[in-house]
Amino acid sequence: MISRWPTGAKLFLILSIALLPLALIAIFATLRVTQIADTELRSHLRVAASESSRAIAIELVGDMTALRVAVDALTADRGDAPSCARAQGVFAQQSAAGTGFVILDRRGRAICGEPFPGAAAFARQSATDAVSARIVEKRGVMLRFAGRSDGLTAAAYFPAPFLSQISQPSGFAPDYGLMLALGDERLELDPLARESALERRETIRSDLGIAGLALEMQVRSAPIGSPLLIALTFPLLMWAAAAAISWFVVDRLLIAPLRALRGSIAAYAPGDQPDPAMLRALPAQEIRDLGDTFRALSRTVAIHEAGLADGLMRQTKLTREVHHRVKNNLQVISSLINFHARGARSTEATQAYASIQRRVDALAVVHRYHFAEMEENRGVGLRAVLGELASSIRATAPEGARVGIVLDIDTFYVTQDVAVAVAFLVTELVELAMTCLGETQVRITLKPLDDPQRALLRLSSRALVDSDPLREGLKHRYGRVIEGLTRQLRSTLQHDPLTGAYEIAIAVTGRE
């Protein structure tokens, strides 16, 4: 397959394979540097995310512990004011940042703390866990603690700015983004704006261990900048430069001269010679030598073609002369048979001469149409052959015999051997029908089969129905001849004794 490629394509392939190791080394080195930078950044990000998640977890666990102690104390004594005061003291430090809590009884009445929006509905929700969480979209997080009995529940609210403030990692210089995740919900604490479409990011997720909450931290990775793009595209530039240089050299010194020489060869006609000035203008000495060789060959071909033309003319004249002589000889033979038939003294001799004449006429018909089709080399047309053969058989029928031949022939072409065998086979079967019944009608059809290279020849007549005269004729005179013609056609002759039909599939070369 590669051997059929143009020379420029082969040269481009060779140079590309030669430069491929250098390209791979450059790409590998660039990717390795980027990988090292990403690994280092990921390590710093993991430390910062661990610090931020730990700070948030400590704050939330401490606050929820204070609420749990207060709920347990108020469950035992609803009038335990010191427990409520201690919880208020814990949340008082963050109240300026917007945090708050409330402890509700079974009816949703606040018995400690300050109610906040959504606290009552969140506190009443049925949950299997003692501690549950809910993200308030773009605002903050609510945590809920359910007492063990008496229906007391506590809810706390932590706004996003407060959580962002306590989660800031120490000594972490890069810009980062923080968000709390609860299932599919997200609460953005610190946004990280996207600076470009090709920006890459590293993300670390840390579970807080509180009601399914997790902290996700993002930082920007090393961007896809000019050094990286140059390092990745440089091998492609090398390939393009190598292809351009190689194509320029090959096109100027090899392909263009060969294209000019090919045009001269394509325009060559018998008797012409390439222009010597065009050959001398070719830049490559080897191609000029090839052009000179072509000029010498064109002169030799012109001489040989002149000789072949003379030989073909002599051969055509000889073929026509042979055909003319064969046609005359067949006519002479037919005339001699007709002459002897007129002088025969018995009806049997006359019928014998007529039978021989019918076979000679069948051969003459095939020979005439075969020569007529030799110029186009399509083969012998069975439609015309069988039509003329039917007329000849009717003309040479015995006295007193009335034979009608109906033709339904599609236009098929066959070889000369098949045409001769078909003509003889039709002649034998028609004569057999005339032997069985003096007055009969024969129908001959030729139709296509599923195989485009074969056609079905069918000859049917009431005279060919199974009878004693039919069996007698096949046994003593016609059977061996018909069998031999069937073998010559390399097929099988089928006979239907009830309808008097003979069928055989013959090979065809084409049709109109």
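Residues numbered from 1 in each chain as written. Predicted model: local features only at pLDDT ≥ 70, side-chain atom pairs only at ≥ 80, totals over all residues. Heavy atoms only, no water.

(A) Local environment of the packing of helix H10 (residues 416–436) against helix H11 (residues 468–488). Two elements in contact, H10 and H11, have axes whose closest approach is 9 Å; the angle formed by their N-to-C orientations is 175 degrees. The angle between H10 and H11 places the two elements in the roughly antiparallel class. Across the interface between the two elements, Asp417, Ala421, Phe424, Leu425, Glu428, Leu429, Glu431, Leu432, Thr435 and Cys436 of H10 pack against Pro469, Leu470, Gly473, Leu474, Arg477, Tyr478, Val481, Ile482, Leu485 and Gln488 of H11. Split into classes, the residues belonging to the contact of H10 with H11 amount to 13 nonpolar, three polar and four charged. (Axes fitted to C-alpha atoms, helices over the stretch in contact; angles between N-to-C directions. Helix = DSSP H or I, 4+ residues; strand = E, 2+ residues; numbered from the N terminus. Parallel < 35°, antiparallel > 145°, perpendicular 65-115°, else oblique. Contact = heavy atoms within 4.5 Å. Nonpolar A, V, L, I, M, F, W, Y, C, P; charged D, E, K, R; others polar.)

(B) Focus on the packing of helix H9 (residues 382–395) against H10. Relative to each other, H9 and H10 sit at 35 degrees, their axes nearing to 11 Å. Crossing of H9 over H10 shows right-handed handedness. Between H9, through Leu382, Leu386, Leu389 and Ile393, and H10, the contact on the second element is made entirely by Ala419, Val422, Ala423, Val426, Thr427, Val430 and Met434. (Left-handed = near helix turned anticlockwise from the far one by under 90°.)

(C) Highlighting the pattern of salt bridges. In this structure the tally under the stated criterion is twelve salt bridges. Here arginine 443 makes a salt bridge to aspartate 408, at a shortest N to O gap of 3.6 Å. Separated by 35 residues along the polypeptide, arginine 443 in strand S13 (residues 439–448) and aspartate 408 in strand S11 (residues 402–409) bring together distant segments of the chain. Classification of aspartate 408 as partly exposed rests on a relative accessible area of 27%. The network of salt bridges with shared partners includes Asp408, Asp410, Arg443, Lys447 and Arg511. (Salt bridge = Lys/Arg side-chain N within 4 Å of Asp/Glu carboxyl O. Buried < 20%, exposed > 50% of the residue type's maximum accessible area, 1.4 Å probe, protein only.)

(D) Summary view of the sheet that holds strand S17 (residues 510–511). Sheet architecture is open: three strands sit in the order S10-S12-S17, paired in antiparallel fashion. One side of each edge strand has no neighbouring strand; the edge strands of this open sheet are strand S10 (380–381) and S17. In this structure, strand S12 (residues 412–414) lies alongside S17, joined through two bridges in antiparallel fashion. Bridge assignment links phenylalanine 412 to a residue of S17, and that residue is arginine 511. (Pairing = 2+ DSSP bridges.)

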